[in-house]
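Descriptive analysis of the structure
Here are the chains, one letter per residue:
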Amino acid sequence: RLSLWRKIEDALQGNCLAQTQTVLLFDHLERADEDCLQTILRLLHLNCRAAPWTTIIAAIRRESFSAYGEAFQDAVDLRVEISVLNRGESREYVIAHVKRAGGRESLFADAALDRLFDYSEGVPREINRLCDLGLLNAMAGHATSVSEEVVTAVADSSKVETTVQSEAAGRF
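Report on the accompanying structure.

What counts as what
Residues numbered from 1 in each chain as written. Predicted model: local features only at pLDDT ≥ 70, side-chain atom pairs only at ≥ 80, totals over all residues. Heavy atoms only, no water. Patch = residues over 30% accessible without salt bridge, like charges linked within 9 Å, V, L, I, M, F, W, Y side chains within 5 Å. Areas by Shrake-Rupley, 256 points an atom, 1.4 Å probe, with all protein chains shown as cover. Salt bridge = Lys/Arg side-chain N within 4 Å of Asp/Glu carboxyl O. Helix = DSSP H or I, 4+ residues; strand = E, 2+ residues; numbered from the N terminus. Buried < 20%, exposed > 50% of the residue type's maximum accessible area, 1.4 Å probe, protein only. Axes fitted to C-alpha atoms, helices over the stretch in contact; angles between N-to-C directions. Parallel < 35°, antiparallel > 145°, perpendicular 65-115°, else oblique. Left-handed = near helix turned anticlockwise from the far one by under 90°. Contact = heavy atoms within 4.5 Å. Polar contact = N/O pair within 3.5 Å; in protein donor to acceptor, adjacent residues only side chain to side chain. Core = buried A, V, L, I, M, F, W, Y, C linked by side-chain atoms within 4.5 Å. Expected span 1.5 Å × (residues − 1). Arc of directions from axis to C-beta.

This part is about a nonpolar patch on the surface. Together, V23, L25 and I57 line one region of the surface with nonpolar side chains, adding up to about 280 Å² of accessible area. Looking at the secondary structure, you find L25 in strand β1 (residues 22-26).

What follows deals with the pattern of salt bridges. Pairing of side chains with opposite charge becomes possible as their charged atoms draw close. Scanning the model with the defined rule gives 10 salt bridges in all. Here R125 ties to D27 by a salt bridge, and the two come within 3.1 Å at their closest N and O atoms. In this pair, R125 is assigned in helix α7 (residues 124-140) and D27 in the loop between β1 and α2 (34-50), connecting sequence segments 98 residues apart. Residue classification places D27 among the partly exposed positions, given a relative accessible area of 37%. Of the charged contacts, one joins E105 and K99 as a salt bridge, the two residues approaching to 3.2 Å between their closest N and O atoms. With relative accessibility at 47%, the residue E105 sits in the partly exposed group. Each of R87, R91, D110, D114, R115, D118 and E148 takes part in one network of salt bridges that share partners.

The next thing to look at is the packing of helix α6 (residues 110-120) against α7. The N-to-C vectors of α6 and α7 enclose an angle of 130 degrees; their axes lie 9 Å apart at closest approach. With respect to α7, the axis of α6 lies oblique. Seen from above, α6 lies across α7 with right-handed handedness. In this structure, α6 uses L116, Y119 and S120 to contact α7, whose residues at the interface are E126, I127, L130 and C131.

Glancing now at the side chain of S120. Mapping S120 onto the fold places it in helix α6. At 2.8 Å, the side chain of S120 forms a polar contact with the backbone oxygen of L116. Filtering out sequence-adjacent residues up to four positions away, S120 remains in contact with E126, I127 and L130.

Let's shift gears to the nonpolar core. Core analysis: the biggest nonpolar cluster contains 18 residues, and V94, F108, L113, L116, C131 and V146 have the highest contact counts within it. Those elements giving two or more residues to this core turn out to be α5 (87-100), α6, α7 and α8 (148-170). Setting aside chain neighbours within four positions, we find C131 in contact with V94, F108 and L116.

This part is about unusual backbone geometry. Non-glycine residue Q19 carries a positive phi angle of around 55 degrees. The residue Q19 is located in the loop between α1 (2-17) and β1 in this model. Here E121, not a glycine, exhibits a phi torsion of approximately 55 degrees, which is positive. If you trace the backbone, E121 turns up in the loop between α6 and α7.

Our focus in this paragraph is α7. The end-to-end C-alpha distance of α7, which contains 17 residues, comes to 24 Å, matching closely the 24 Å that a straight helix rising 1.5 Å per residue would cover. Positive phi appears at H142, one or two residues downstream of α7, with a value of about 60 degrees.

Let's shift gears to α5. Across its 14 residues, α5 extends 20 Å between first and last C-alpha, which sits within 8% of the 20 Å expected from 1.5 Å per residue. Buried within α5 we find S90, V94, I95 and V98. Axial view of α5: buried residues confined to an arc of 125 degrees, hence all on one face. Of the exposed residues in α5, those oriented more than 90 degrees away from the buried face are E92 and R100. Check the buried side of α5 and you find it contacts α6 and α7. Between a side-chain oxygen at the N-terminus of α5 and the backbone nitrogen of G88 the separation is 3.0 Å; the capping residue is N86.

Bear in mind that shape data such as this cannot, by itself, settle questions of function.
Given below as structure tokens:
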């Protein structure tokens, strides 16, 4: 880990000296283990020396934000909270995207739209991901619409993949 840290630090310092803007993006920070959080804290302190050439963006669920203590909260320059969608907004979101892409409004069955909300918890990125997977699954099965069963199948299979990926990422 020390050699990886040295490589990251050298790259950021090199970009700073070259006056090259660098953006580091950490998504789902609430899933990070303690070692990862400590590394990000080190980056925050390094960032102070490399400012204004380094920007760190961390995405974290609202309910987890306060759990990360003052170390992270003191380093926040801008906090943007994006609310999740309710069931009706989620439905409208999917239908609007389908229409914008030239599809018909009924491409997703009503029950499928409900299931999309249930699995995504109203998070737009999750809605998009499940819709993409549902469309691919329906197309592979030569279906003319996305059913509740298709959404359930892709949500269940993507949970398994996400769990496996998270466990593998935790080992590195």
